[in-house]
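Here are the chains, one letter per residue:
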Amino acid sequence: MLKLITGRAGPSGFGSASTAEQVTDGIDGSNLTAIVTGGASGIGLETARILALRNVHVIIAARNMEAANEAKQRILKDNKAARVDIEKLDLSSIRSVKAFADKFEALNLPLNILINNAGIMFCPFQLSEDGIEMQFATNHIGHFYLTNLLIDKMKETAKTTGIQGRIVNLSSLLHQYPYKEGIQFHKLSDKSSYQERLAYGQSKLANLLHSNELSRRLQEEGANITVNSVHPGLIMTNLMRHSALSTSIFRAFTCFMWKNVPQGAATTCYVALHPSLKGVTGKYFVDCNEHEPSKLAQDEALARNLWDVSNNLINAALKS
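Per an unreviewed UniProt entry, the protein chain is named Short-chain dehydrogenase tic 32, chloroplastic, and its organism is Nicotiana attenuata. Per UniProt, the protein chain has the following entry under Sequence similarities (unreviewed entry): "Belongs to the short-chain dehydrogenases/reductases (SDR) family."

K.L.:
What should I look at first to understand the packing of aromatic side chains in this one?
P.N.:
For any pair of aromatic rings, the description rests on two quantities: the centre-to-centre distance and the angle between the ring planes. Considering all chains together, one arrives at five aromatic pairs under this definition. Note on Phe14 and Tyr270: the rings are 5.7 Å apart at their centroids and 70 degrees apart in plane angle, and the pair reads as edge-to-face. Placement of the pair is Phe14 in the loop between helix 1 (2–6) and helix 2 (20–23) and Tyr270 in helix 10 (residues 266–273), with a sequence separation of 256 residues. By relative accessible area, Tyr270 is classed as buried at 5%. Here a set of aromatic residues connected by ring pairs shows up, and it is made of Phe14, Tyr270 and Phe285. The residue whose ring lies beneath Arg197 is Phe122, and the NZ or CZ to ring-centre distance is 4.5 Å. The positively charged end of Arg217 is found above the aromatic ring belonging to Trp307, 4.1 Å away from the centroid.

K.L.:
Where do I start with the side chain of Gln184 in this structure?
P.N.:
Here Gln184 is to be found in the loop between strand 5 (165–170) and helix 7 (196–221). Setting aside anything within four residues of it in sequence, one finds Gln184 in contact with Tyr179, Ser193 and Gln202.

K.L.:
Would you mind showing me how to read the pairing of strand 2 (residues 57–62) here?
P.N.:
Regular strands have side chains that alternate between both faces of the sheet. Of all six residues making up strand 2, six are buried, and the element is well covered by its neighbours. Here strand 2 shows two buried faces, one formed by His57, Ile59 and Ala61 and the other by Val58, Ile60 and Ala62. The sheet contact formed by strand 1 (residues 33–37) and strand 2 spans five bridges and is parallel. Note on strand 2: the bridge partner recorded for Ala34 is Val58. Between the parallel pair strand 1 and strand 2, the chain is carried across by helix 3 (residues 42–53), and the sense of this crossover is right-handed. Across five bridges, strand 2 lies against strand 3 (residues 84–88) in parallel orientation. By the bridge assignment, Ile59 is partnered in strand 3 with Asp85. As for the winding sense of the linkage, the β-α-β connection from strand 2 through helix 4 (residues 65–78) to strand 3 is right-handed.

What counts, and at which threshold
- For every chain, the first residue of the written sequence is number 1, and numbering continues from 1 along that sequence.
- Only residues with pLDDT of at least 70 get local features here, since the model is predicted, and only at 80 or more are side-chain atom pairs given and counted; chain-wide, interface and lining totals rely on the full set of residues.
- Side-chain figures throughout are based on the complete set of non-hydrogen atoms in the structure, without hydrogens or water.
- UniProt positions are given in the numbering used here, feature names are shortened, and annotations may be inferred rather than shown by experiment.
- Aromatic pairs are defined between Phe, Tyr and Trp rings, using the six-membered ring for Trp, whenever the two ring centres lie within 6.5 Å; interplanar angles under 30 degrees are classed as stacked, those over 60 as edge-to-face, and all others as tilted.
- Each helix is a run of H or I in the DSSP string that is no shorter than four residues. Each strand is a run of E no shorter than two, and both are numbered from the N terminus.
- Partly exposed residues are those whose accessible area sits between 20% and 50% of the maximum for their type, while under 20% is buried and over 50% is exposed, using a 1.4 Å probe and protein chains only.
- Sitting over a ring, as applied to charges here, requires NZ of Lys or CZ of Arg to be within 6 Å of the ring centre and within 35 degrees of the ring normal.
- We call two residues contacting when some pair of their heavy atoms lies within 4.5 Å.
- When DSSP locates at least two bridges between a pair of strands, those strands are taken to pair.
- Seen with its strands pointing away from the viewer, a crossover is right-handed when the path leading from the first strand over the helix to the second is clockwise.

See the structure below:
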């Protein structure tokens, strides 16, 4: 807690007060291509901006194409040499995820970095077009499917270039507060048992479990790709729109814990680009330093079960 309040650096040399620009200072990503989901606003936009500043070719994947284009123009205004493209992606739709992956494949671009950043938080109960509870569908299932569709491209890129691929999944400290059993496999889309905050914690736990299981599988097959999870910190962005009043009250009593957007994007950019993270996989980062996640997040059987259930949900949606 003291490090959070003071911003004191951890073993990495960075801490809660570090910005995305600071943690990537001196890094040249001119030979890299990255996809950033939810890159049209908030910490996703700042992540895209910093990657472009470090000469990475950035593809912003976003549901709102008008906002994505505005984000692109903002980046280009300050960095005319930036390589930024935008593509439509609605993570709550299995078919949209497939269409995005197909379009990216057709571009014949390499893929070094995948940043699964987009998300929704504390929203009222709603089902996706595929009949899956919306927070789980958007925060986990969409990113799980996207990663599965793009993983062969990442393996190919890593093999042909010799550059290690990196996948970064945005989780949250709130992964520690899901439903009692962690993942409600038999009630994932049950309105009667839905609690918006626990459902969010469940989706963020799923992000960590996905990272850990994918990391294990990639290591097992010897793929040159790392997978890590990050907690960006408490940041007031559009993610909070469904709980603006309660969040404002909470923030008044915890003002020392909140970050600005450049600080909020720091851990993502650090894990995506910093050379010290080469070979580091299956870890969870907070304030640019390794942090131990909850016991549920380290449950290998739960991770394997989630993997199978996620694939079953996707297959069922594709058949419908």
